[in-house]
Amino acid sequence: MEELVVWLLAAYGCSSLMVTLANRWISRMAERADQSCVHYRLLLGNSEQVVEYAVRRLQVRSYWSGTPIRISYVDYGSTDDTCGIMAVLKRAGHLCADNGEEAAAVPAVTIDLRRTGEWERAM
């Protein structure tokens, strides 16, 4: 009989914990819907080695902070596989197109991933 009481108390405790966690998750999602989106613009130029890491890092940071993000990019004539990587990320839904009029109207956090050494040699 005592074992049944212990099991019932444990089940009640677990269920109340689950309800509390669900309520917090729902309230966090409601707050997230009210927040405005943060726009990140990536400047790319032969950035194949760092671009995917940067996009994934922004997504993880967005997930943990609860802030929705939008990522766009501008390519400055990449000769490596940067364009291919960006096409794959765009197909997966991680990026959005960067329209000229829309890009000028929305304030964005700019992240420069261009390889400065190659630009200095080219100049």
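Placed above this text is the structure.
Residues numbered from 1 in each chain as written. Predicted model: local features only at pLDDT ≥ 70, side-chain atom pairs only at ≥ 80, totals over all residues. Heavy atoms only, no water.

A. Representation of the overall build of the protein in the model. Of regular secondary structure, the protein possesses five helices and three strands. Written out in order from the N terminus, the α and β elements of the protein read α-β-α-β-α-α-β-α. Counting over 123 residues, the protein shows a buried share of 21%. Pairs at least 24 apart in sequence give 85% of the contacts found in the protein among residues at least 6 apart. When the accessible surface of the protein is split by element, carbon and sulfur atoms take 60% of a total near 9000 Å². (Helix = DSSP H or I, 4+ residues; strand = E, 2+ residues; numbered from the N terminus. Buried < 20%, exposed > 50% of the residue type's maximum accessible area, 1.4 Å probe, protein only. Contact = heavy atoms within 4.5 Å. Areas by Shrake-Rupley, 256 points an atom, 1.4 Å probe, with all protein chains shown as cover.)

B. Region of interest: the nonpolar core. Within the largest apolar cluster, 13 residues are counted, with the highest numbers of intra-cluster contacts made by L42, V51 and I71. Every element with two or more residues in this core is listed here: β1 (38–44), α2 (51–65) and α3 (82–91). Considering every element that reaches this core, the biggest residue donor is α2, with four residues. (Core = buried A, V, L, I, M, F, W, Y, C linked by side-chain atoms within 4.5 Å.)

C. Focus on the environment of S36. Within the secondary structure, S36 is located in the loop between α1 (2–34) and β1. Considered as a pair, S36 and I69 are 33 residues apart in the sequence and their alpha carbons are 8.7 Å apart.

D. The side chain of S47, seen in detail. Along the chain, the position of S47 falls in the loop between β1 and α2. Given a relative accessible area of 0%, S47 falls into the buried group. With residues up to four places along the chain from it excluded, the contact list for S47 reads D80, T82, L113 and R114.

E. Quick look at the pattern of salt bridges. Evaluation of the coordinates by the stated rule reveals two salt bridges. Linking R114 and D112 is a salt bridge whose minimum nitrogen-to-oxygen distance equals 2.8 Å. Using a relative accessible area of 26% as the deciding quantity, one classes R114 as partly exposed. Classification of D112 as partly exposed rests on a relative accessible area of 43%. (Salt bridge = Lys/Arg side-chain N within 4 Å of Asp/Glu carboxyl O.)

F. Structural detail: a nonpolar patch on the surface. A cluster of nonpolar side chains, contributed by M1, L4 and L8, occupies part of the molecular surface with about 380 Å² of accessible area. Tracing the sequence through the fold places L8 in helix α1. With a relative accessible area of 54%, L8 lands in the exposed category. (Patch = residues over 30% accessible without salt bridge, like charges linked within 9 Å, V, L, I, M, F, W, Y side chains within 5 Å.)

G. Just α2, in detail. Between its first and last C-alpha, α2 extends 21 Å over 15 residues, near the 21 Å set by a 1.5 Å rise per residue. If you check which residues of α2 are buried, you get V51, A54, V55, L58 and S62. The buried side chains of α2 occupy one side of the element, clustering within an arc of 100° when seen end-on. Turned more than 90 degrees from where α2 packs its buried face, Y53, R57, Y63 and W64 sit exposed. Taken together, the buried residues of α2 touch β1, β2 (69–75), α3 and β3 (109–112). Remark: G66 follows α2 within two positions and exhibits a positive phi of approximately 80°. (Expected span 1.5 Å × (residues − 1). Arc of directions from axis to C-beta.)

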